[in-house]
Amino acid sequence: MTEVAGDLVTANGLAFPADGCSLLWADTRGHRVDRFALDPATGAVSNRRPWASFDAQPAPPSPDYGGRPDGACLDEAGGYWVAMYEGARIVRLDARGRLTDSVPVPVRCPTMVAFGGPDLRTMVLCSARHGRPDAEITAQPMTGALWQARSPVAGMPVERVRTGTG
């Protein structure tokens, strides 16, 4: 096993764009998404670089805090959909890491978004409940739930990634 990134607390949002030569990864605590080079012949990952950054939570917390990137997936156009933990939204970033959509959700801490269904237009979202304040859970009864909605865009089919290790 080869380490490609260290000193992490919450790593999430792995996605492999259709180019076959890159890997996207959300550093939730770091408030950013990084892009790595991926060698399609060997599966080797290298050249970590920032791809998208989000403002860190101010102290004291602001009501307009947008959250930090958590679980993610890709759509058929190469958009990276990411749940914004503590931001009560999911966002879509285009292939260059620019924000193109922000969709509010009925919970403060969405944790993962994915596409499913026969046409990959069913968006599934889950959220965190453990450790959330009682007042938040009471005000947002879907906290900790899994739900689905129809998506205007189809997800990208998930392909197996060859790691070069057989």
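Rules of the game
Residues numbered from 1 in each chain as written. Predicted model: local features only at pLDDT ≥ 70, side-chain atom pairs only at ≥ 80, totals over all residues. Heavy atoms only, no water. Helix = DSSP H or I, 4+ residues; strand = E, 2+ residues; numbered from the N terminus. Buried < 20%, exposed > 50% of the residue type's maximum accessible area, 1.4 Å probe, protein only. Contact = heavy atoms within 4.5 Å. Pairing = 2+ DSSP bridges.

### With respect to the environment of Leu93
- Secondary-structure assignment places Leu93 in strand β7 (residues 89-93).
- A residue is classified by how much of its surface remains accessible, and Leu93, at 1% relative accessible area, is buried.
- Distance in space between the C-alpha atoms of Leu93 and Trp51 is 10.0 Å, their sequence separation being 42 residues.
- Leaving out residues up to four positions away in the same chain, Leu93 has contacts with Trp51, Ala52, Phe54, Gly78, Gly79, Tyr80, Arg98, Leu99 and Thr100.

### Details of the pairing of β7
- Extensive coverage of β7 is indicated by the burial of five of its five residues.
- Neither face of β7 is left uncovered, since the one carrying Arg89, Val91 and Leu93 and the one carrying Ile90 and Arg92 both have all their residues buried.
- Taken together, the five bridges between strand β6 (residues 80-85) and β7 define a ladder with antiparallel strand orientation. When the sheet's bridge partners are listed, Trp81 is paired in β7 with Arg92.
- Following β6, the chain reverses through three residues before pairing antiparallel with β7; Glu86 in that reversal takes a positive phi of roughly 70 degrees.
- Strand direction decides the pairing type here: β7 and strand β8 (residues 99-104), joined by five bridges, are antiparallel.

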